[in-house]
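# Survey of secondary and tertiary structure
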Amino acid sequence: IGNVLLKDEGIGVYVSEVLQELPCPDGLSLDIIDGGTCPDLFLSLGHVDKLIVIDAADGAGEPGTIYRIEPEDLECNLTDTASTHDIALPHSLKMMECLGKRPKEIVIFGIQPGEIDWGLEPTHELKEVVPNVVKLIQEEMEKC
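As the structure is a prediction and not an experimental result, all values here were calculated from the model. Within each chain, residues carry numbers counting from 1 in the order of the written sequence. Side-chain atom pairs in this predicted model are given and counted only at pLDDT of 80 or more, local residue features only at pLDDT of at least 70, and totals for whole chains, interfaces and linings cover all residues. Side-chain figures throughout are based on the complete set of non-hydrogen atoms in the structure, without hydrogens or water.

### A few points about unusual backbone geometry
Keep in mind that most residues, glycine aside, have a negative phi and that most peptide bonds are trans. Our working definition: Numbering goes from the N terminus for both helices and strands, where a helix is a DSSP run of H or I of at least four residues and a strand is a run of E of at least two. Each residue is placed in one exposure class: buried if its accessible area under a 1.4 Å probe, protein chains only, is under 20% of its type's maximum, exposed if it is over 50%, and partly exposed if it falls in between.
Of note in this structure, Lys7 is not a glycine but carries a positive phi near 50°. For Lys7, the location among the structural elements is in the segment before helix H1 (11-20). A relative accessible area of 19% means that Lys7 is categorised as buried. With a phi close to 65°, Ala60 is a non-glycine residue in the positive phi region. Judged by relative accessible area, which is 72%, Ala60 ranks as exposed.

As structure tokens, this is what we get:
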């Protein structure tokens, strides 16, 4: 997920574009979805065994730092809905759970943005980290 109008905020979308070009591992049913700014799109997935989410995440690290985040680590404060997405990721995951659509496993990779400002290209640091994120996703797919 991500907003490609805000430079590094679009990292999830940029990674999904690379993944679309790669072959699907044998024996897997794989859907790569550009969720844009709508993580509530997950609600229309139906049942999935594993959901891998890629998004920008501010963990106060160096630009390009990759964080593996457990869903339980996300705060779902229902009074705080500020996000660059239509609905914040924790709210979407909570809705999936309430509707009985929570996947068996959820993996979230958050990438530390360098710059979130108007622009259609990610910063150099985030362009360089895309192959590393793709490799982590491929490793996750091998575990299925």
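### Things to note about the sheet that holds strand S3 (residues 105-111)
Note the cut-off: Should DSSP find at least two bridges between two strands, the strands are regarded as paired. In this description, a line fitted to the C-alpha atoms serves as the axis of each element, helices being fitted only across the stretch in contact, and the angle between N-to-C directions of two axes falls anywhere from 0 to 180 degrees.
The sheet built from three strands is open, its strands ordered S1-S3-S2 with mixed pairing. Both edges of this open sheet fall to strand S1 (50-56) and strand S2 (66-69), since each of them pairs with a single strand only. Here the average twist between neighbouring strands, direction ignored, is 20°. Across seven bridges, S1 lies against S3 in parallel orientation. When the sheet's bridge partners are listed, Leu51 is paired in S3 with Ile106.

### With respect to the nonpolar core
Counted only if it meets this: The term nonpolar core refers to a set of buried residues drawn from Ala, Val, Leu, Ile, Met, Phe, Trp, Tyr and Cys, joined through side-chain atoms within 4.5 Å. We call two residues in contact whenever any of their non-hydrogen atoms come within 4.5 Å of each other.
Ranked by size, the top nonpolar core spans 15 residues in total, and within it Ile11, Val15, Ile54, Ile111, Val133 and Ile137 carry the most contacts. A total of seven residues in this core trace back to one element, the largest contributor, which is helix H3 (residues 124-142). Sequence-distant contacts of Val15, defined by excluding residues within four places in its chain, comprise Ile54, Val130, Val133, Val134 and Ile137. Among the nonpolar cores identified, the runner-up in size contains 12 residues, and Leu43, Leu89, Met96 and Ile106 belong to it.

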